[in-house]
Amino acid sequence: LLWVQERMAILESGRVHPPGLPSQNLIHVEARDARDALWAMEEGVRCASLSAVIGEIWGDPRALDFTATRRLAVASERSGTPCWLVRLGGHANLSGARMRWRIASAPSLLNDLDAKAPGAPAWDAELFRARGSPPGRWSIAHEAGRFHLAAAPGDRALGEGQRLSA
Amino acid sequence: MKRVASIWLPHLAIERWAKDNGYPPEAPVVLTVEGTHGLIIHAVTKAAAERGARAGARLTDARALDPALVAVPADPAGDAALVERLAKWAGRWSPLVEVDGSNGLRLDVSGVAHLFGGERGLVSDIQQRFAHIGLTTRVAIAPTAAAAWALAHFSPSPLEGEGGSSRRLRKGEGALSSFPPSPRSASLSRALPQGERGLVEQLSPLHVSALRLDPDTIRTLERLGLKTIGALMEVPRLALARRFKGEEDVVGALDRALGRKPEPLTAAPADPAPRALLKLEEPAAYPEAASQALGRLIPDLVRQLQERHLGARRLSLHGFRVDGSVAVASVSTAIASREPKHLARLLADKAAALDPEFGFDAFALTAEWTEDLSAAQESLVEEPSGERELARLVDRLTVKLGPKRVRRPQAEESHLPEKASGWVSAVSSLAFAGEVAREARRRGPSTSFAGPPPLEIEGRRFRPQRLLDRAEAIDVIYATPEGMPRRFIWRRTVHDIARVEGPERIAPEWWRQPSSARLRDYYRVEDSTGRRYWIYREGLIGDGRGGAPSWFIHGLFG
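Caption draft 1: Representation of the overall build of chain A. The helix and strand inventory of chain A stands at 3 helices and 9 strands. When the helices and strands of chain A are read in sequence order from the N terminus, they spell out β-α-β-β-α-β-α-β-β-β-β-β. Scored against the burial criterion, the 166 residues of chain A give a buried share of 50%. Long-range contacts, defined as pairs at least 24 residues apart, comprise 64% of the intrachain contacts of chain A with a sequence gap of at least 6. Summed over its atoms, the accessible surface of chain A is roughly 7,900 Å², and 56% of this surface lies on carbon and sulfur atoms.

Caption draft 2: Fine view of the overall build of chain B. Broken down by element type, chain B carries 17 helices and 20 strands. For chain B, with 558 residues in total, the buried portion stands at 47%. In chain B, of all internal contacts separated by at least 6 residues, the share reaching a separation of at least 24 is 61%.

Caption draft 3: Broad picture of the pairing of strand β6 (residues 104-108) of chain B. All names here are of chain B. Most of β6 is tucked away, with 5 of its 5 residues classed as buried. Burial of β6 is two-sided: the residues Gly-104, Arg-106 and Asp-108 facing one way and the residues Leu-105 and Leu-107 facing the other way are all buried. Inspection of the sheet shows strand β1 (residues 4-8) paired to β6 by 5 bridges, in the antiparallel sense. Bridging across to β6, Ser-6 finds its partner in Arg-106. Bridge count between strand β5 (residues 97-99) and β6: 3 bridges; the pairing is antiparallel. Across the sheet, Val-99 pairs through a bridge with Leu-105, a residue of β6. Here β5 folds back onto β6 in antiparallel fashion, the turn holding 4 residues, of which Gly-101 has a positive phi close to 70°.

Caption draft 4: Quick look at the pattern of salt bridges. With the rule as written, the count across this model stands at 35 salt bridges over all chains. Measuring nitrogen to oxygen at the nearest pair gives 2.6 Å for the salt bridge that ties Arg487(B) to Asp496(B). Relative accessible area serves as the criterion here: at 38%, Arg487(B) is assigned to the partly exposed category. The salt bridge partner of Arg537(B) is Asp521(B), with a shortest N-O separation of 2.7 Å. Separated by 16 residues along the polypeptide, Arg537(B) in strand β19 (residues 532-538) and Asp521(B) in strand β18 (residues 520-527) bring together distant segments of the chain. Taken together, the shared-partner salt bridges in this structure form one network comprising Arg15(A), Glu30(A), Arg405(B) and Asp469(B).

Caption draft 5: Fine view of the packing of aromatic side chains. Residues and elements named next belong to chain B. A complete count under the given rule lists 13 aromatic pairs over all chains for this structure. These aromatic residues form a ring-pair network of at least three members: Tyr-522, Trp-534, Tyr-536 and Phe-552. The side chain of Arg-520 reaches across the aromatic face of Tyr-536, ending 4.7 Å from its centre.

Caption draft 6: Local environment of the environment of Arg388(B). Residue and element names in this part refer to chain B. Tracing the chain through its elements places Arg-388 in helix α14 (residues 386-401). Arg-388 gets classed as partly exposed once you look at its relative accessible area, which sits at 25%. Along the sequence, Arg-388 and Ile-335 sit 53 residues apart, while their C-alpha atoms lie 7.5 Å from each other.

Caption draft 7: The sheet that holds strand β11 (residues 326-337) of chain B, seen in detail. Residue and element names in this part refer to chain B. Reading across the sheet, the 4 strands line up as β9-β12-β10-β11 and stay open at both edges, with antiparallel pairing between neighbours. Each edge of the open sheet carries a strand with a single partner, namely β9 (275-284) and β11. Pairwise comparison of adjacent strand axes, ignoring direction, gives a mean angle of 15° for this sheet. Of the pairings in the sheet, the one linking strand β10 (residues 310-321) to β11 comprises 8 bridges and is antiparallel in character. Paired with Ser-316 across the bridge in β11 is Ser-330.

Caption draft 8: Layout of the interface of chain A and chain B. Each partner contributes to the interface: chain A provides 52 residues, whereas chain B provides 46 residues. Joining chain A to chain B, the criterion identifies 6 salt bridges. For the pair chain A and chain B, the interface holds 12 residue pairs in polar contact (both at pLDDT 80 or more). Elements represented by at least two residues in the side of chain A that touches chain B include exactly β1 (2-6), α1 (7-13), β2 (15-16), β3 (27-31), α2 (34-46), β6 (99-106) and β7 (122-130) of chain A. Looking at the side of chain A that touches chain B residue by residue, the classes come out as 29 nonpolar, 14 polar and 9 charged. For β2(A) and strand β15 (residues 466-478) of chain B, the ladder comprises 2 bridges, and the chain directions are antiparallel. What sits directly across from Arg15(A), in β15(B), is Leu467(B).

Caption draft 9: Structural detail: α2(A). Residue and element names in this part refer to chain A. The end-to-end C-alpha distance of α2, which contains 13 residues, comes to 18 Å, matching closely the 18 Å that a straight helix rising 1.5 Å per residue would cover. Taken across its 13 residues, α2 has 10 buried, putting it largely inside the fold. Inspection of α2 places Ala-34, Asp-36, Ala-37, Leu-38, Ala-40, Met-41, Glu-42, Glu-43, Gly-44 and Val-45 among the buried residues, and these make up the whole buried set.

Caption draft 10: Quick look at the confidence of the model for chain B. Residue and element names in this part refer to chain B. On average, chain B scores 77 in pLDDT, and the residues at 70 or more come to 83%. Looking over chain B, one finds the lowest element-wise mean pLDDT in strand β8 (residues 159-161), namely 44, and the highest in β1, namely 89. Counting interchain partners and residues more than four positions distant, the pLDDT-below-50 stretch residues 158-191 has 74 contacts. Every residue in residues 444-458 is under pLDDT 50, and counting partners more than four places away or in other chains gives 10 contacts.

Caption draft 11: Helix α6 (residues 145-154) of chain B, seen in detail. By the criterion of burial, α6(B) is predominantly enclosed, with 9 of the 10 residues buried. Residues of α6(B) that are buried: Ala145(B), Ala146(B), Ala147(B), Ala148(B), Trp149(B), Ala150(B), Leu151(B), Ala152(B) and His153(B).

Caption draft 12: The arrangement of the packing of helix α1 (residues 12-21) of chain B against helix α4 (residues 76-89) of chain B in detail. All names here are of chain B. Two elements in contact, α1 and α4, have axes whose closest approach is 10 Å; the angle formed by their N-to-C orientations is 95°. Judged by the inter-axis angle, α1 sits roughly perpendicular to α4. Contacts between α1 and α4 involve Leu-12, Ala-13 and Arg-16 from the former and Gly-78, Asp-79, Leu-82 and Val-83 from the latter. Partitioned by chemical class, the residues of the contact of α1 with α4 number 4 nonpolar, 1 polar and 2 charged.

Caption draft 13: Spotlight on the pairing of strand β3 (residues 38-44) of chain B. Residues and elements named next belong to chain B. Strand direction decides the pairing type here: strand β2 (residues 29-35) and β3, joined by 6 bridges, are antiparallel. Paired with Val-33 across the two strands is Ile-40, which belongs to β3. Counted along the chain from β2 to the antiparallel partner β3, the turn is 2 residues long.

Caption draft 14: Structural context of the sheet that holds strand β14 (residues 421-425) of chain B. Reading across from one edge, β5(A)-β4(A)-β1(A)-β3(A)-β13(B)-β14(B) is the order of the 6 strands in this open sheet, with mixed pairing throughout. Pairing within the sheet leaves two strands with one partner each, and these edge strands are β5 (83-88) of chain A together with β14 of chain B. On average, each strand axis in the sheet is inclined to that of its neighbour by 25°, with strand direction left out of account. Relative to strand β4 (residues 53-58) of chain A, β1(A) runs parallel, the two sharing 4 bridges. Residue pairing in the sheet places Val4(A) in a bridge with Gly55(A) of β4(A). Sitting on the sheet, α2(A) is in contact with β1, β3, β4 and β5 of chain A, with an inclination near 170° to β4(A).

Caption draft 15: Structural context of unusual backbone geometry. At Arg212(B), a residue that is not glycine, the phi angle is positive and equals roughly 60°. Within the secondary structure layout, Arg212(B) lies in the loop between α7 (195-203) and α8 (215-223).

Analysis parameters
Residues numbered from 1 in each chain as written. Chains lettered and ligands numbered in written order. Predicted model: local features only at pLDDT ≥ 70, side-chain atom pairs only at ≥ 80, totals over all residues. Heavy atoms only, no water. Helix = DSSP H or I, 4+ residues; strand = E, 2+ residues; numbered from the N terminus. Buried < 20%, exposed > 50% of the residue type's maximum accessible area, 1.4 Å probe, protein only. Contact = heavy atoms within 4.5 Å. Areas by Shrake-Rupley, 256 points an atom, 1.4 Å probe, with all protein chains shown as cover. Pairing = 2+ DSSP bridges. Salt bridge = Lys/Arg side-chain N within 4 Å of Asp/Glu carboxyl O. Phe/Tyr/Trp six-rings, centres within 6.5 Å; stacked < 30°, edge-to-face > 60°. Lys NZ or Arg CZ within 6 Å of the ring centre and 35° of its normal. Axes fitted to C-alpha atoms, helices over the stretch in contact; angles between N-to-C directions. Polar contact = N/O pair within 3.5 Å; in protein donor to acceptor, adjacent residues only side chain to side chain. Nonpolar A, V, L, I, M, F, W, Y, C, P; charged D, E, K, R; others polar. Expected span 1.5 Å × (residues − 1). pLDDT = per-residue confidence, 0-100. Parallel < 35°, antiparallel > 145°, perpendicular 65-115°, else oblique.

Here you go:
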């Protein structure tokens, strides 16, 4: 797994913390700016032996335009390496991504052991643009190592996630 | 005690020439070198020696004695190359071998001799091996290098190995090495010098030229009547030192021979790093020069790597400018590689950044760090293996972004969250991981390498997926100082805490941190919109380590 983080994204929302992740097998790239981050992502996407590429970019940098996202999407389709571009605190502007999601946090599920404690994490996911599938809205929860759909919808958006998926 | 073996190859030049050209030793052949007053005889065959030719004489003089002499130009460079090769080969006896002059070697054989059955066994082994390749040797072992040299060259009963003696394998060369008339036949009966007294005894009768002084000094000494080392030793040191100063350091030479002054051996250099050179006809001052040179250097270097079954881990491109300065660009790779395309891609950017200033007139590409890489088939179809593909990706990212920005996690032994997740540069860790994976594969399918053991699934739930580089101070409103937080302000936003879990107490590591470090109580909190944070309170009220506890936010949950 290649996880590319832009410097601003690290400052704003923290660095990847491997003890909190299910797999330690990742390569972390700290990019100086969005241009470097996109370049690193593209290099990663071209490499078929990676399981996935995750990129995090803060805001709406100039380098992140339609061409850049489209290049990523095409490269990803060619090599078969899935690629997610996570945009923190940005606007849903033009993008060449195949699927675009808007993800927000949602109140967690009930904790069976302690009613006051946070339970399994949950999110509100809105698929607002996708090729070949109608947009929709789901509530997702992650419990016991698996994702499943939960019924209750969330109430407000934390940030915007755009998802590039091949 | 130190023991040094000196090997002298007295007839190296003529033996090499005769062997290369298949000349019979009866032929009266002399090898000549250019001297100040015409050709000087460098080496002679046995037959030529019998007819009056000797090394050091002028060719015309020798021709006057015997007009039938055949003169052939000598090849000192070839001889020197042979001695270099022999020095490497002599590594079979001792790891520390030094080329000594134009036709000698010296070996540090301290503590080595027992492997060959004592010093006598060692000497006879050396002589036998050299005889097999058709070279006459005179070998001596002494406590100092200078004494060994003196004994090998001047001892009246040298430990001489005759290339032409009965030990030789090939009869054809039999007569070749038994010339010129050696002073004495080989005898191993004399004791090898042991200790300083034995050394003095052995050296005393030798002529002063055994001290390797320059000819003028020797002539002066002879005029003074000091013909042997023994006579020299009887002269008071002070008088000697006063008479012979500077270059003609007689006392120094004597001290080196007797071991009063150290004379360390320097090993012959190991195999030089693979290196490709490109000299330009005229200086190139345009910026693309380095990239173009790279295109011609890489195939050359790759060929060298291939011949030696090596793969490059670190490459350096040196651009030599006309004004004598040098520009360097270097890259490292995650796994050893000698694939021209990959290496070219890595170096391309850095090479283009080299500033020609007044112009480059030469380039050198050196593989400074290499690892064994046996010839392997890439793959049957154009589908490179995953590990190599990954290594190349890491190489490219590292070259562009720098090794500190491309990293892999490495678990550390620490309770503190920010210390538990260490990072190592991917370039250095990937090769290691590959090594371990290979090792695991060799051992069997049951053991497999998957990085550090993953944390327990329960433990993982309590660790955030993201950690802020520096914990940020927050303002917290709480019901009771020791109780749960109710509300906090982070980055000027108020977060109402809807749910909270904790505390998880992490004590300071007293064995690393100063005693003023305070403990931390971590809480997992969720605000009213469902965002989950990891906050902690540093210290307790009245713990005696500072004032009121302060609150920090440290991590975010996905």
